[in-house]
Amino acid sequence: MFKNTLEQIVTYEAGKPIELVMREYGIKQEDVIKLGSNENPYGASPLVIESLQNNAYKASLYPDDSMYELKDALALHFNVTPKQIIIGAGSDQIIEFCMQALNHHNAQVLMAKTTFAMYEVYAKLAGVEISKTQSDGHILEEFLELYQKVKSQKNISAIFLCVPNNPLGECLDSNAIEKLIKAVDKETLVIVDGAYQEFAAYKDKRKAINPQYFIEQFDNVIYLGTFSKAYGLGGMRVGYGVASERIISMLYKVRPPFNVTTLSLQSAFVALRDQAFMRQCVEKNAIEMARYEAFAHKMGFTFIPSYGNFITFSHKEIESTHLCEWLLQKGVIVRNLRSYGLNAFRITIGKTEQNTRVFELIEQYLQTHR
Ligand SMILES: *Cc1c(COP(=O)(O)O)cnc(C)c1O
């Protein structure tokens, strides 16, 4: 009854919800520390909350399917035109559109060995084969080698670049991305996923990607952004793609109507206007990130410097599954990376008090479990 390809797809396991921890471990809602899904610990901008309250009556109305207001605001923000923008129910949906729209005849898509799990899911659903780099994260030379190797036998319909990379945290420089784009065929779509760009750009200018600069030069690049992370709207499901008019018009053909809700569009519009709030979140993230790095040094954890709002830890003497389970019982949700084949776990950088609690608990675990 079902497609053969579904047999090769592992159902995506999202970060655990607060409700599960409450139910299974009897922990009160206010005591759960949710650091498993890279959400914004500071929530959404107060202006967004206010606008949701004032616009609740719009729940009965279909959204403006042209999404004029938000597209116009994004166009202004990125110095592009509204026709160079598409909006999705999270940038996840734009990834899906790309995979659905591309011609995958005799083709493969390329990605890093350890990267955002949904790339593989949407690629497999579109029936296309995947090739991954040898190393876990993104290394320009490896992508170039892999590209040459696969190209000698197959077409390459798309290359995924996750910058910064979830779940590892490393980030290619903008000029490395440009080098890669220049080296690939014009028929290969380069998907530049900037879900954590706001954090990376703040930390290091060399990581900052200017979508307008890329799409002006290259007709085979799409930049993806989201309101789920730095803007704190994970629950609203709004993301966007910035690309040439040609690419956007093709993606529009696979987009279902009303794919983003009225209140979500409204919230994203308001969130984009409150740059000061987003900026504060990014600044606090950097301060708390430094505490995680110091903690890692002190406790002997290995980590890759992270350009996102999360950090991935591993430890020779610790079994990540066991630690994550133990933390869960204490009401702390982090992301085990066993499903990626790694003995490591990813922690979203939380608020000061949350992070202090995480440090205390992990220290306690280390004292009692080795
Ligand atoms: C969170 C995330 C996204 C998109 O999330 P949406 O909520 O669907 O916008 C895309 N890519 C990466 C790498 C992410 O971590």
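Residues numbered from 1 in each chain as written. Predicted model: local features only at pLDDT ≥ 70, side-chain atom pairs only at ≥ 80, totals over all residues. Heavy atoms only, no water.

Colleague: Would you mind showing me how to read the overall build of the protein here?
Modeller: Of the regular secondary structure elements, the protein holds 14 helices and 13 strands. The C-alpha radius of gyration computed for the protein amounts to 21 Å, which stays within 12% of the reference 21 Å derived for 370 residues, consistent with globular compactness. For the protein, the C-alpha atoms occupy an extent of roughly 55 × 55 × 50 Å along the three principal directions. Across the 370 residues in the protein, those meeting the buried criterion constitute 55%. Considering only intrachain contacts with a sequence separation of at least 6, the fraction spanning at least 24 residues in the protein is 74%. Of the roughly 17000 Å² that the protein leaves accessible, carbon and sulfur atoms contribute 52%. Mean positive and mean negative side-chain charge positions of the protein (39 and 41 charges, respectively) differ by 1 Å. (Helix = DSSP H or I, 4+ residues; strand = E, 2+ residues; numbered from the N terminus. Rg over C-alpha atoms; globule rule 2.2 N^0.38 Å. Buried < 20%, exposed > 50% of the residue type's maximum accessible area, 1.4 Å probe, protein only. Contact = heavy atoms within 4.5 Å. Areas by Shrake-Rupley, 256 points an atom, 1.4 Å probe, with all protein chains shown as cover. Lys, Arg positive; Asp, Glu negative; His and termini not counted. Charge placed at Lys NZ, Arg CZ, Asp CG, Glu CD.)

Colleague: I'm lost on the domain arrangement of the protein in this one. Help?
Modeller: The extent of an interface is frequently quoted as the accessible surface area lost upon association of the parts. Structurally, the protein comprises domain 1 (4-44 + 276-369) and domain 2 (46-274). Counting residues at the interface gives 34 residues for domain 1 and 36 residues for domain 2. When the two sides are added together, the surface that domain 1 and domain 2 hide from each other amounts to roughly 2900 Å², 68% of it contributed by carbon and sulfur. Scanning the region where domain 1 abuts domain 2 turns up 0 salt bridges. Inspection of the domain 1/domain 2 interface yields 11 residue pairs in polar contact (both at pLDDT 80 or more). Within the residue set of the side of domain 1 that touches domain 2, elements represented by two or more residues are α12 (275-299) and β10 (310-314). (Domains from an automatic or database assignment. Buried area = accessible area lost by both parts, 1.4 Å probe. Salt bridge = Lys/Arg side-chain N within 4 Å of Asp/Glu carboxyl O. Polar contact = N/O pair within 3.5 Å; in protein donor to acceptor, adjacent residues only side chain to side chain.)

Colleague: Hey, could you run me through the pattern of salt bridges in this one?
Modeller: A side chain with one charge can pair with a side chain of the opposite charge if their charged atoms come near. Overall, the coordinates contain 16 salt bridges when judged by the stated rule. Across the pair Glu120 and Lys132 runs a salt bridge, and its minimum N-O distance is 2.6 Å. Here Glu120 is found in helix α5 (residues 117-125), whereas its partner Lys132 is found in strand β4 (residues 129-132), with 12 residues between them in sequence. Classification of Lys132 by relative accessible area gives partly exposed; the value is 35%. Lys298 is the salt-bridge partner of Glu363, the closest N and O atoms lying 3.6 Å from each other.

Colleague: Can you help me understand the sheet that holds strand β9 (residues 302-303) in this one?
Modeller: Through backbone hydrogen bonds, the strands of a sheet pair up, either in parallel or in antiparallel fashion. Pairing in this open sheet of 4 strands is antiparallel, and the strands run β9-β10-β13-β12 from one edge to the other. This sheet does not close on itself; its edge strands, each paired only once, are β9 and β12 (335-336). Summarising the sheet, β12 and strand β13 (residues 345-348) pair through 2 bridges and their orientation is antiparallel. Across the sheet, residue Arg335 finds its bridge partner in β13, namely Arg346. (Pairing = 2+ DSSP bridges.)

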